[in-house]
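Descriptive structure summary
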Amino acid sequence: MMFGKVITLLKEGRAWCSKELTVFLWLLQAAAGILCYVGAYVFITYDDYDHFFEDVYTLIPAVIIIAVGTLLFIIGLIGCCATIRESRCGLATFVIILLLVFITEVVVVVLGYIYRAKVEDEVDHSIRKVYNGYNGTNPDAASRAIDYVQRQLRCCGIHNYSDWENTVWFKQTKNNSVPLSCCKAALSNCTGSLTRPMDLYSEGCEALVVKKLQEIMMYVIWAALAFAAIQLLGMLCACIVLCRRSRDPAYELLIAGGTYA
């Protein structure tokens, strides 16, 4: 009677853990796709702002998170096979790899915070050089980047539109105007003239670029933290199944299809 209750409890515990582990594996596959998407988004956005941010090492968290996403997909396949076959070796491998990925995600979070703190200094160091090299007549990549950022973020100049007066381009053109990308999007007749400052974006670009880059880094940090939490759940379920598989005689008998007399 008692052994029957034990086996019933083991069945329930096994079913619960297997169910939770299966749900986790589905989450793991989704996490792999989302992490790769976040990493790709960081790369694409960085390409739009790379002239304002010279430190390419800031991309390290994005590179790691894409690698983690790819690894998570492989881990999911290993976990599926191990769960279906209830392989002790497979489950142990699954837990160890998950632990390594968890540590990697902690590293991503730490690096994300480090580089997020460096964004403001990097932008402040680079943005003046980029604006001073602006060429509106024959625009190069840096000049096109300035126009893109000013239109996209709805800003003008470094701190405000008056910063353009100190640039080489402004002094050469001698027309007392700023680039048309400083014009408010709703105005079709704006010429960029400083005599009509109400037609121009009043906010500077430096603070908005810093804010944008810090937001991107926060996406990486939050993604890594969220999936690290999911992995803890997966490791817990896998460890429970593994411990029961290797230590509980009743569980061994249940797996083998035997019964107690």
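Just so you know, these numbers come straight off a predicted model, no measurement behind them.

Let's talk about the overall build of the chain
Along the backbone of the chain there are seven helices and zero strands. In the chain, the order of α-helices and β-strands from amino to carboxyl end is α-α-α-α-α-α-α. By the burial criterion, 43% of the 261 residues in the chain qualify as buried. Counting contacts in the chain only where the partners sit at least 6 residues apart, residues at least 24 apart contribute 73% of the total. Accessible area for the chain stands at about 14100 Å²; split by element, carbon and sulfur atoms hold 63% of it.

Here we look at the pattern of salt bridges
For the structure on display, the rule yields one salt bridge. With a closest N to O distance of 2.7 Å, arginine 196 and aspartate 199 form a salt bridge. Using a relative accessible area of 8% as the deciding quantity, one classes aspartate 199 as buried.

Remarks on the packing of aromatic side chains
Aromatic rings in a pair are described by how distant their centres are and how their planes are angled relative to each other. Inspection of every chain in the model, using the stated rule, returns five aromatic pairs. Ring geometry for tyrosine 134 and tryptophan 164: centres 5.0 Å apart, planes at 75°, overall edge-to-face. Taken together, the residues span a long stretch of sequence, with tyrosine 134 in the loop between α3 (88-132) and α4 (141-153) and tryptophan 164 in the loop between α4 and α5 (168-173) at a distance of 30 residues. Classification of tyrosine 134 as buried rests on a relative accessible area of 8%. With relative accessibility at 0%, the residue tryptophan 164 sits in the buried group. Clustering of aromatic rings is evident, with ring pairs tying together Tyr131, Tyr134, Trp164 and Trp169.

Focus: a nonpolar patch on the surface
A cluster of nonpolar side chains, Ile96, Leu99, Leu100, Ile103 and Val107, forms an exposed patch at the surface whose accessible area comes to about 450 Å². Among the structural elements, leucine 100 can be located in helix α3.

Reading guide: rules and limits
- Residues numbered from 1 in each chain as written.
- Predicted model: local features only at pLDDT ≥ 70, side-chain atom pairs only at ≥ 80, totals over all residues.
- Heavy atoms only, no water.
- Helix = DSSP H or I, 4+ residues; strand = E, 2+ residues; numbered from the N terminus.
- Buried < 20%, exposed > 50% of the residue type's maximum accessible area, 1.4 Å probe, protein only.
- Contact = heavy atoms within 4.5 Å.
- Areas by Shrake-Rupley, 256 points an atom, 1.4 Å probe, with all protein chains shown as cover.
- Salt bridge = Lys/Arg side-chain N within 4 Å of Asp/Glu carboxyl O.
- Phe/Tyr/Trp six-rings, centres within 6.5 Å; stacked < 30°, edge-to-face > 60°.
- Patch = residues over 30% accessible without salt bridge, like charges linked within 9 Å, V, L, I, M, F, W, Y side chains within 5 Å.

All quantities given are derived from atomic positions and should not be read as evidence of function.
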